[in-house]
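If you want the building blocks of each chain, they are given just below.
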Amino acid sequence: MTNYLYLASDQKMGLGNGSLDMTEAEVETIPGFDFPVQVEIVNGVEKVWEVRELLQYIQNHMAPYKVCTVQVANLLNSNRVELKVQKKSNILLHELTEPSQLFVQEGQLLTIKKVPTLS
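Bear in mind that the values here come from a model prediction, so they are computed numbers and not experimental data. (Residues numbered from 1 in each chain as written. Predicted model: local features only at pLDDT ≥ 70, side-chain atom pairs only at ≥ 80, totals over all residues. Heavy atoms only, no water.)

A. Spotlight on unusual backbone geometry. The residue Asn-43 is not glycine, and still its phi comes out positive at about 70°. Mapped onto the secondary structure, Asn-43 falls in the loop between strand S3 (37-42) and helix H1 (48-62). (Helix = DSSP H or I, 4+ residues; strand = E, 2+ residues; numbered from the N terminus.)

This is how it looks when you write it as structure tokens:
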């Protein structure tokens, strides 16, 4: 059994710059996600530098869009356990200021939304 970090978005996602072990997701739909799963990270992100890299990846992915959503979930991938989200939470991109906010527990899905801000 291995923990995976799954990423989904309403926009096409790339595989980053190679600092995280990202691959194209082998599964496209997981109950609880609002969008097709596009990227998976085997063994998730556990180290502080990995979470910083993930935050940078998400910010870079969302930068070109006025409105964008990214979903991140930490799920156990096993032949014995069905992949599904057990807990959901939301945050706006401009409120995502610390990499530690991306630490998601097993079974948790975090939805990050970029929306136009009033200036």
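B. Examining H1 more closely. Compared with the 21 Å implied by 1.5 Å per residue over 15 residues, the 21 Å span of H1 between its first and last C-alpha is a close match. Lining the buried residues of H1 we find strand S1 (2-9), strand S2 (22-24), S3, strand S4 (68-77) and strand S6 (108-114). (Expected span 1.5 Å × (residues − 1). Contact = heavy atoms within 4.5 Å.)

C. Structural view of the layout of surface pockets. Here the largest pocket is characterised by a volume of approximately 170 Å³. Forming the walls of the largest pocket are 14 residues, and the residues nearest its centre are Gly-16, Asn-17, Gln-56, Tyr-57 and Asn-60. Looking at the lining of the largest pocket element by element, the count peaks at five residues for H1. Grouping the constituent residues of the lining of the largest pocket by class yields five nonpolar, eight polar and one charged. (1 Å grid on protein atoms, 1.4 Å probe; cavity = no way out; pocket = protein on both sides within 12 Å on 5 of 7 lines; lining within 4 Å. Points joined across faces, edges and corners; volume = space filled by probe spheres on them. Nonpolar A, V, L, I, M, F, W, Y, C, P; charged D, E, K, R; others polar.)

D. A look at the side chain of Thr-111. Within the secondary structure, Thr-111 sits in strand S6. When near neighbours in sequence (up to four residues on either side) are disregarded, Thr-111 contacts Thr-69, Val-70, Gln-71, Ser-89, Asn-90 and Ile-91.

E. How the structure looks around the pairing of S4. Most of S4 sits out of view: nine of its 10 residues are buried. Summarising the sheet, S1 and S4 pair through eight bridges and their orientation is antiparallel. Bridge pairing in S4 places Tyr-6 opposite Ala-73. In this sheet, S6 lies alongside S4 in antiparallel orientation, the contact comprising six bridges. If you follow Thr-69 over to S6, its bridge partner there is Lys-113. (Buried < 20%, exposed > 50% of the residue type's maximum accessible area, 1.4 Å probe, protein only. Pairing = 2+ DSSP bridges.)

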